[in-house]
Amino acid sequence: MASSSQKHHRTRKGKQPAEGHAVNPPSATGIEEVLDYSRYFSTKRQMMVFEKMFHGRPVISLKAMHSPFFVIPEFEFQNLLNFQHLQPFLGMKLPYYEELVRVFYTNLKITPLGELGIEICGKRIHINEMDWMNIVDLRYGGVKLTLGTIPEECNFDRALALSSMIREDVQGQNVRNADSLKMNDRILHYTWVHILCPRGSNFAQVSNEDIFMLWCIKNNIMIN
């Protein structure tokens, strides 16, 4: 349907305006009317942040693993993921709404208690670790591991860890690419960079953090 601004302007007698008659341009439309997302926000500032930082921004596509496909002797990585109780999360494939994802990040704040605080449609929502556990069926146990705080009891050696993951034909080379990994290690790396700790680019690069986390998974070290 055509909007009123697109219809022909007529005189009171139903005639077209005379040639050269000035027609007032339509009034400027506010950002709320253009985006029509004002119901999600409580303030004008939130709308401006959304329009500037998140509106139209790509959302990483949902990835899910079809575990039955890998139930053959050649694939061993799924047993390691089962030990970490990650299979339900990795196989989760539910509908989602990209615009709500963008609104979520627009209004997201970290509370003093370390919870996620979001305000949508004027309602405040707090999400803590227990909420995530219930939503995605993750277990919180083991140690919180980061590359900068590796516990000494882990006995992590980066060179030895990487050597155990790369193929024999590239041993001794300075490899930092997933193409050089053995089959099971390469799938573990893919799972890590696309699902468990997704990033927007450099998927083929094997970072120091990737090596450490894959080493922990392969050695059945519970990761919180």
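### Description of the environment of A64
Working step 1: Note that A64 resides in the loop between helix 2 (44-54) and helix 3 (77-83).
Working step 2: You can call A64 partly exposed: its relative accessible area is 38%.
Working step 3: Here the alpha-carbon distance between A64 and I195, two residues 131 residues apart in the chain, equals 7.4 Å.
Working step 4: Apart from the residues lying within four places of it in its own chain, the contact partners of A64 are L90, G91, M92, K93 and I195.

### A look at the sheet that holds strand 1 (residues 109-110)
Working step 1: Read from one edge of the open sheet, three strands run 1-2-3, paired in antiparallel fashion. In this open sheet, the two strands that pair with only one neighbour each are strand 1 and strand 3 (123-127).
Working step 2: When strand 2 (residues 116-120) meets strand 3, the two strands line up antiparallel, connected through five bridges. Paired with L116 across the bridge in strand 3 is I127.

### Looking at the layout of surface pockets
Working step 1: Considering only enclosed or pocket space, the second largest pocket measures out at about 310 Å³ in volume.
Working step 2: Along the wall of the second largest pocket there are 15 residues; nearest its centre are Q46, N107, K109, G117 and E119.
Working step 3: Here the lining of the second largest pocket is built from residues that sort into four nonpolar, seven polar and four charged.

### Thoughts on the confidence of the model for the protein chain
Working step 1: Per-residue pLDDT for the protein chain averages 79, and the proportion of residues at 70 or more is 80%.
Working step 2: The weakest mean pLDDT in the protein chain belongs to helix 1 (residues 31-35) at 52; the strongest belongs to helix 8 (residues 183-196) at 92.
Working step 3: Low confidence marks residues 17-28, where pLDDT is under 50. Its contacts with residues over four positions away, or in another chain, come to four contacts.

### Points about unusual backbone geometry
Working step 1: For H85, which is not a glycine, the phi torsion comes out positive at approximately 60 degrees.
Working step 2: Turning to its location among the elements, H85 is positioned in the loop between helix 3 and helix 4 (87-90).
Working step 3: Classification of H85 by relative accessible area gives buried; the value is 18%.
Working step 4: Despite not being glycine, N202 shows a phi value in the positive range, around 55 degrees.
Working step 5: In this structure, N202 sits in the loop between helix 8 and helix 9 (208-218).
Working step 6: Owing to a relative accessible area of 52%, N202 belongs among the exposed residues under this scheme.

### Looking at the nonpolar core
Working step 1: Formed by 32 residues in total, the largest nonpolar core has its most connected members in F77, L81, M165, L188 and W215.
Working step 2: Only helix 3, helix 7 (158-163), helix 8 and helix 9 provide two or more residues apiece to this core.
Working step 3: When residues of this core are assigned to their parent elements, the largest contribution, seven residues, is made by helix 9.
Working step 4: What M165 contacts, discounting residues up to four positions off in sequence, is S180, L181, K182, D185, I211, L214, W215 and K218.

### A word on the packing of helix 2 against helix 5 (residues 98-106)
Working step 1: Where helix 2 contacts helix 5, the axes come no closer than 10 Å and their chain directions differ by 120 degrees. In this structure, the crossing between helix 2 and helix 5 has a hand that is right-handed. Along its contact with helix 2, which presents Q46, V49, F50 and F54, the element helix 5 presents E99, R102, V103, Y105 and T106.
Working step 2: Across the contact of helix 2 with helix 5, the residue classes tally to five nonpolar, two polar and two charged.

What counts and what doesn't
- Residues numbered from 1 in each chain as written.
- Predicted model: local features only at pLDDT ≥ 70, side-chain atom pairs only at ≥ 80, totals over all residues.
- Heavy atoms only, no water.
- Helix = DSSP H or I, 4+ residues; strand = E, 2+ residues; numbered from the N terminus.
- Buried < 20%, exposed > 50% of the residue type's maximum accessible area, 1.4 Å probe, protein only.
- Contact = heavy atoms within 4.5 Å.
- Pairing = 2+ DSSP bridges.
- 1 Å grid on protein atoms, 1.4 Å probe; cavity = no way out; pocket = protein on both sides within 12 Å on 5 of 7 lines; lining within 4 Å.
- Points joined across faces, edges and corners; volume = space filled by probe spheres on them.
- Nonpolar A, V, L, I, M, F, W, Y, C, P; charged D, E, K, R; others polar.
- pLDDT = per-residue confidence, 0-100.
- Core = buried A, V, L, I, M, F, W, Y, C linked by side-chain atoms within 4.5 Å.
- Axes fitted to C-alpha atoms, helices over the stretch in contact; angles between N-to-C directions.
- Left-handed = near helix turned anticlockwise from the far one by under 90°.

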